[in-house]
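Secondary and tertiary structure notes
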Amino acid sequence: MAAVSEVLRSDWITTGPKTLEFEQEFTRFVHAPGALALNSCTAALHTALVALGIGPGDEVITTPMTFAASVNVIEHVGARSVLVDVQPDTLNIDPDRIEAVVTAKTRVIIPVHYTGHPADMDPITQIANKQHLAVLEDAAHALPAKYRGRYIGAGNNPVAFSFYATKNLTTAEGGMLTGTQEYLEKARVISLHGMSRDAWKRYDKGGSWFYEVVLPGFKYNMTDIQAAIGLVQLRRLTGFQTRRREIVARYQATFSQIESLECPVERVEVESAWHLYVLRLRPGMLRISRDEFIEELKKRNIGTSVHFIPVHLHPYYRDKYQWKPQDFPVAFENYQRLLSLPLHPGLTDADVRYVIEAVLDVARAFRR
Ligand SMILES: *Cc1c(COP(=O)(O)O)cnc(C)c1O
């Protein structure tokens, strides 16, 4: 609150010195080649596709197990969405199924690091290199996450992060695009009206009034008010993550003992950001469905959610691409038995015990 007040009392409230400072600190944090702060992850993904030159006639591959924004942006640029089913353990895009859908029109793969667990990036990158495709990572859940010891966002390919209210680091609304300096220069122009110089530089002392519109760009810039929140959140992020891991460890220790429950995994080569704790109900072991399990938890004052309704079930996508639920069987089957438990650094030990007791109570009461 103090950081926001400081910005509000200063001479500059929109994109300016705080946004620049946030970009620089974020760059250092994930060891990125560079970073561009935007007003959402959706904006970052959209800008990224435009900066890659994707448009009508192109095909973009992604996963059905994601939030609609990951695919909506493919539609925004007029390209065709192509889905690839997920791996059964992590529910991330299955690299073994990618090459079968690559055509002469394929341009980009968008892996989504579901729940903060990094996707299988080595085989994905290998396929992309072989087939001359770009890799744009949807890292909305993956701050901070590591794949083979390296932060998600540290590579030269574009990576989009979200600072939405529910995410691991929030600016209420906001996003970040990482990538090479050269790529981000192009993305910066695209993200701000297609102007060759941004507003802050124009009004800064010694700046010039002159600019040129080189393409019909968007209005996706971050404000200094948001960046001020982001800077404080970034300094607290490591502490937030320690608390997330403590909570996850308690959930795992208890729920792994319960036959009817399947716990989320963390593969040895990754460090998950643990954005979500997704529990799966084992088929045939309970007398109630996932929906009823959620209702039982609600009766016990536990709020849960489902991440996600697979993309191919949503009417727009189902109708446009004529997708059937069984077209992506792993995503569909898992969707029907998963739910997300409360997971955030604000949970007290008593809260965590309360959640655990409620889940155990429901699992025992409805055991088959
Ligand atoms: C939240 C989310 C987004 C969109 O982020 P915004 O910052 O709200 O635009 C994109 N992809 C995934 C997987 C998300 O969960």
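Residues numbered from 1 in each chain as written. Predicted model: local features only at pLDDT ≥ 70, side-chain atom pairs only at ≥ 80, totals over all residues. Heavy atoms only, no water.

1. Describing the overall build of the protein
Each helix and strand in the protein was counted, giving 12 helices and 14 strands. Rg of the C-alpha trace for the protein: 21 Å, near the compact-globule value of 21 Å for 368 residues, within the 12% margin. Long-range pairs, those at least 24 residues apart, make up 70% of the contacts in the protein with a sequence separation of at least 6. For the protein, the computed accessible surface area is about 16600 Å², with 53% contributed by carbon and sulfur atoms. Positive and negative side-chain charges in the protein, numbering 41 and 41 respectively, have mean positions lying 2 Å apart. (Helix = DSSP H or I, 4+ residues; strand = E, 2+ residues; numbered from the N terminus. Rg over C-alpha atoms; globule rule 2.2 N^0.38 Å. Contact = heavy atoms within 4.5 Å. Areas by Shrake-Rupley, 256 points an atom, 1.4 Å probe, with all protein chains shown as cover. Lys, Arg positive; Asp, Glu negative; His and termini not counted. Charge placed at Lys NZ, Arg CZ, Asp CG, Glu CD.)

2. Things to note about the site of the ligand
Every one of the 16 residues lining the ligand counts as a neighbour, but Thr42, Asp138, His141, Ser162 and Lys167 are closest to it. A distance of 2.7 Å separates an oxygen atom of the ligand from a polar side-chain atom of His141. Here an oxygen atom of the ligand sits 2.7 Å away from a polar atom, N or O, in the side chain of Ser162. Contact with the protein chains hides 92% of the accessible area of the ligand, taken as 380 Å² for the molecule alone. Each residue belonging to the shell around the ligand can be placed in one class, and the counts come to 7 nonpolar, 7 polar and 2 charged. (Near = heavy atom within 4 Å. Polar contact = N/O pair within 3.5 Å; in protein donor to acceptor, adjacent residues only side chain to side chain. Nonpolar A, V, L, I, M, F, W, Y, C, P; charged D, E, K, R; others polar.)

3. Topic: the packing of aromatic side chains
The tally for this structure, following the rule as stated, stands at 17 aromatic pairs. For the ring pair Phe26 and Phe161, a centre distance of 5.0 Å and an interplane angle of 70° mean the geometry is edge-to-face. Here Phe161 lies in strand S9 (residues 159-162) and Phe26 lies in helix H2 (residues 17-30), a separation of 135 residues in the sequence. Classification of Phe161 by relative accessible area gives buried; the value is 1%. An aromatic cluster is built from Tyr316, Tyr317, Tyr321, Trp323 and Phe328, whose rings are joined through pairwise contacts. Between Lys146 and the ring centre of Tyr151, over which it is positioned, the NZ or CZ distance is 4.7 Å. Positioned over the ring face of Tyr335 is Arg290, at 5.0 Å from the centre of the ring. (Phe/Tyr/Trp six-rings, centres within 6.5 Å; stacked < 30°, edge-to-face > 60°. Buried < 20%, exposed > 50% of the residue type's maximum accessible area, 1.4 Å probe, protein only. Lys NZ or Arg CZ within 6 Å of the ring centre and 35° of its normal.)

4. Brief notes about the domain arrangement of the protein
On domain assignment, one finds that the protein holds domain 1 (2-234) and domain 2 (238-365). Between the C-alpha centres of domain 1 and domain 2 the distance comes to 26 Å. The largest per-residue losses of area from domain 1 upon contact with domain 2 belong to Leu83, His117 and Asn168, which jointly make up 18% of the total buried on that side. Scanning the region where domain 1 abuts domain 2 turns up 3 salt bridges. Close ionic contact of Arg267 with Asp89 constitutes a salt bridge, the shortest N to O distance being 2.9 Å. Linking domain 1 with domain 2 are 27 residue pairs in polar contact (both at pLDDT 80 or more), by the criterion used here. Of all the secondary structure elements, the ones that give two or more residues to the side of domain 1 that touches domain 2 are helix H4 (69-76), strand S3 (80-83) and strand S7 (146-147). (Domains from an automatic or database assignment. Buried area = accessible area lost by both parts, 1.4 Å probe. Salt bridge = Lys/Arg side-chain N within 4 Å of Asp/Glu carboxyl O.)

5. Brief notes about the pattern of salt bridges
Note on pairing: side chains with opposite charge can pair once their charged atoms come close. Per the counting criterion, the structure on display carries 26 salt bridges. The salt bridge involving Glu6 is made with Lys18; its shortest N-O contact spans 3.8 Å. Of the two residues, Glu6 sits in helix H1 (residues 2-9) while Lys18 sits in helix H2, which places them 12 residues apart along the sequence. Overall, the relative accessible area of 48% leaves Glu6 in the partly exposed class. The network of salt bridges with shared partners includes Glu6, Lys18, Glu21, Glu25 and Arg235.

6. Examining the environment of His312
Residue placement: His312 occurs in the loop between helix H9 (290-299) and helix H10 (315-321). Linking His312 and Ala128, residues 184 residues apart in sequence, is a C-alpha distance of 24 Å. With near-sequence residues (within four places) excluded, His312 lies in contact with Pro64, Leu83, Arg318, Trp323, Lys324, Pro325, Phe328 and Phe332.

7. Regarding the sheet that holds strand S11 (residues 261-262)
The strand order across the open sheet formed by 3 strands is S11-S13-S14, and the pairing between neighbours is antiparallel. Strands at the two margins of the open sheet, each flanked by one partner only, are S11 and strand S14 (338-341). Where strand S13 (residues 277-281) meets S14, 4 bridges bridge the pair, whose relative direction is antiparallel. Bridged to Val278 within S14 is Ser340. The strands touched by H9 are S11, S13 and S14; relative to S14, the strand with the most contacts, the crossing angle is about 25°. (Pairing = 2+ DSSP bridges. Axes fitted to C-alpha atoms, helices over the stretch in contact; angles between N-to-C directions.)

8. Notes on the sheet that holds strand S6 (residues 137-138)
Neighbouring strands of a sheet are bound in pairs by backbone hydrogen bonds; such pairs are parallel or else antiparallel. Judged by pairing direction, the sheet is mixed, and its 4 strands sit side by side in the order S1-S10-S9-S6 without closing on themselves. Edge positions in the sheet fall to strand S1 (35-38) and S6, since each has one partner strand and no second. Relative to S9, S6 runs parallel, the two sharing 2 bridges. Opposite Glu137, over in S9, you have Val159 as the bridge partner.

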